[in-house]
Each structure stands twice: as C-alpha cells, then as structure tokens.
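The primary structure of each chain is shown beneath.
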Amino acid sequence: MREISQFALGDIVNTDVLQEIQDKFSETTGLAAVIVDPEGTPITRTSNFTQLCQYIRSTPKGMARCSGCDDSGGRRSIDLRKPIVYRCHSGLTDLAAPIIVQDQYIGAFLAGQVVLYREEGEDVKTEMCKRVSDLELDEAVLSELFDRVREVQETNIKAAADLIYIMANYIVEIGVANIVQKKLMKELQAKAELETLLKATELKALQSQVNPHFLFNTLNTIARLAMLEGATQTQEVAYALSDLLRNNLRDMDRLRTVEEELKSVQDYLTIQKVRFGERIHSSIQVEPEIWTARLPALTLQPLVENAIIHGLEGRIEGGAIKISGHLRETDVYLEISDTGVGVEEGKIAAIFREEKRQKSQGQTTGLGILNVHKRIKHYFGGQYGITMQSCLGSGTTIGIRLPYQTE
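Residues numbered from 1 in each chain as written. Predicted model: local features only at pLDDT ≥ 70, side-chain atom pairs only at ≥ 80, totals over all residues. Heavy atoms only, no water.

Q: Any chance you could explain the pattern of salt bridges here in plain terms?
A: Tallied over the full model, the rule gives 15 salt bridges. Among the ionic pairs, D147 bridges to K125, the shortest N-O distance being 2.9 Å. Of this pair, D147 sits in the loop between α6 (139-146) and β5 (151-152) while K125 sits in helix α5 (residues 124-131), placing them 22 residues apart in sequence. Among the ionic pairs, K263 bridges to D267, the shortest N-O distance being 2.8 Å. A residue pair is termed a helical-turn pair when its members lie 3 or 4 positions apart in one helix, as K263 and D267 do in helix α10 (residues 258-276) at 4 residues. Look at D267 and you get buried, because its relative accessible area is 7%. One network of salt bridges, in which partners are shared, links K61, R65 and D134. (Salt bridge = Lys/Arg side-chain N within 4 Å of Asp/Glu carboxyl O. Helix = DSSP H or I, 4+ residues; strand = E, 2+ residues; numbered from the N terminus. Buried < 20%, exposed > 50% of the residue type's maximum accessible area, 1.4 Å probe, protein only.)

Right, here's the structure in full:
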C-alpha cells in the first residue's frame, strides 16, 4: 500500500535548489520539466514547457487534465519503484521518476513533452487533436504548435528517464541529509536543555527544594511540638525531613523507582500532616506491580507539593489529596488529584507554554509542572508526560504516563 509522506518536499529540500536542478536538467536535455508533490501539483516553476502544452493548459479543463496526468505518471512510477516512459493524455511522450524519502512518496520529477520518431504512416498529430477535441481549442493552432514539438529517438528518451531517476535520488540524499541534520540538532538541543534543566533542578533542590518558607514553618512546627508534647512525633517529623532532604539532594540525574518516589512523597506528607493537622487528608493507592517502574527523580513530590500549596492550603476547610497508580498494558499511569480550589483553563494552557511561563509565587519547589513534563518527555519520548484537568472550586487532577521500564 502506498504511504504518503508526512514530509513536504519543499520543507526538506530548499525549493530554490530544486528549481536549479530542474532548470539545469531541462537546459541540458532540451526536455520540459517540473517537480510535483504527491497530488501532482507543481512545487517548482515549469522549465522549457512546449507552447502546445501551455496552450492546452490555458483552459481550466485542460489544466485539470494535465495535472491529473502528472499525478498518474508520478504514482505509476512509485508503484514500479523506477522511472517510466508513458504517453500523456494528449499523446505526447513523458517520463516520470519517483522521489522517495524514508520509504515515503513525497513527489515526482516529471519531464518530456516530446514525440518519439514516428513509424511510417503513423499520424500522431491527428491522434493528438482527437484526444483534446473536447477542450474546445482551435485545431489550426493545435496543429501549428504540434509541428514545433521535438521528435526524439526512443533510446534518448530512455536515457533521459534514467537521468531524472539519478537526479531524483540525489534530491532524496539531500532530503535525508536535511532530516538527519534537523533530528540531530533537535536531539542536541534537547540534551542541552535537559542538562541545563538538571543543573537548575539540582540548584533549586539545594537552594529551595524545601524552600525557606517551608523550612521555616517545619522548624517552627518541630519547636512547638518539642515544647508542648513528648519527643515521639517530633522525632517522626525530624526523620521525615532528614530523609526528604537526603533523597532530594542525591543522584538528580538518574531514574528512580516509583517506590523511591513514593517514599519522598510519604516523608513530605508526614511533615505537612503535622503542619496542617486534620485540614488535609491524604491517601496513596499505587499498585505494587509498578513499584519497580522507573521515572525521573523528583517527579511526584513536586506535584504533590504543588497540589497542597496551590490547591489546598488556601481553603479554610482544607481538603484531600490522593496519589494512585496502575499498569495498563505496557504503560504506567500515575494520578495526583486534590479537592482544592482548582485552576482556570487558560492558566493550565499557559503552564504548558514555556514562553509564557512566569516565576511562580509562594511556596513552590521551583521545579514546576512544565519541568517535570519536559523531563519525562526527554527520557521516554513525546507520547509520554503530564496531563492536567481542573474544575474551579472542585479540584485538580494531574495524570502522568510513563513506559513500564524496570532497568
């Protein structure tokens, strides 16, 4: 089955370069030439077109028929995977060579508009006039213009077909080189962005992963607990804070297991539970079968912190946060939902537009939803990452999709 390319020929090879190649070919061989897209629409200016063909194309019906013929010739060449010589709708001889990039048809190199040397008694002119009689063109003009069409030997036209095939392959090489170069540049840019992001993430973790506001509130909580009660709960908070800091400051550039990330979340929730008391309820319902799945460091805890700070903290009555996860076929799906104040639809769109991102205010990790989203995409590919849904006054749900990888 023929596969039409996701690429546009003019996008992967500069149109000016295509035009120069086509013009040189036409100048060398004396043949008319044009390069068309998969639908047969020209993407270059025609070179050396005969006056006869220009006259036929001067009517809308004639142009449509010529374009359809060009399309048919290109598609026949792609089906055969080689250059072809054929008669056009008006009886002239044309040739076509497919242009294929990464096994996808992106256009064709068309040439011709000539007449093969005729056998004795063969009346190609009369046949041509019959073929285009329904176009309501002046037969005398057709006859005169036909007499100006070049006659060529069959061996010459076959040699020209081989030549345009070579040129089509040259165009393919240019196209593939452009694709590879663009892909390499994109990968290098993504790598550079990730390295910058990791450095910034590590710095944020050192400077403000547990930022001054959060650290100040936590230490105040510990001090109040030490004064008002025994040391058991104080010890629990201190250990949770210690583990949280230790886990968040080490190995920032490696993948962690879901289980390790959940441990950081539990430590964080332990601290927040003491701070907010019964105002905030939390639950973790992650299937054990995905505990060993890998994900970037600091994926879950920043999103949980974001839910509490921006979703629940401002509500006098507090609310609930739930972390869930399961395996669906070959992908891991994690979800962080809260019953907080919600987020406006426009703000959600802005979160995922990096150019619109502004420095957030308040007690946040500085990592942000967008950064977590970008790191997931970098590690696993464009089909993975974060989705966000929210309803003002009802809460927000962040979905995370990852491939199930254990190593």
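Having seen the structure, we can now continue with the description.
Q: Is there a simple way to explain the packing of aromatic side chains in this structure?
A: How two aromatic rings sit relative to each other is given by the distance of their centres and the angle of their planes. Evaluation of the coordinates by the stated rule reveals 3 aromatic pairs. Here the aromatic rings of F25 and F109 are separated by 5.3 Å at their centres, their planes lie at 80°, and the arrangement is edge-to-face. One end of the pair, F25, is in helix α2 (residues 15-29); the other, F109, is in strand β4 (residues 104-116), with 84 residues separating them in the sequence. A residue is classified by how much of its surface remains accessible, and F25, at 2% relative accessible area, is buried. Judged by its relative accessible area of 0%, F109 is buried. For the ring pair Y379 and F380, a centre distance of 6.3 Å and an interplane angle of 45° mean the geometry is tilted. Here the aromatic residues Y379, F380 and Y384 are joined through ring pairs into a cluster of three or more. Here the basic side chain of R328 rests over the ring of Y333, its NZ or CZ set 4.1 Å away from the ring centre. (Phe/Tyr/Trp six-rings, centres within 6.5 Å; stacked < 30°, edge-to-face > 60°. Lys NZ or Arg CZ within 6 Å of the ring centre and 35° of its normal.)

Q: Teacher, can you tell me more about the environment of L295 here?
A: Structurally, L295 can be placed in strand β8 (residues 294-296). Given a relative accessible area of 0%, L295 falls into the buried group. Once the C-alpha coordinates of L295 and L255 are considered, the two residues, 40 residues apart in sequence, prove to be 5.2 Å apart. In this structure L295 touches L255, R256, T257, V258, E261, L300, L334, F380 and L402, once residues within four positions along its chain are discounted. (Contact = heavy atoms within 4.5 Å.)

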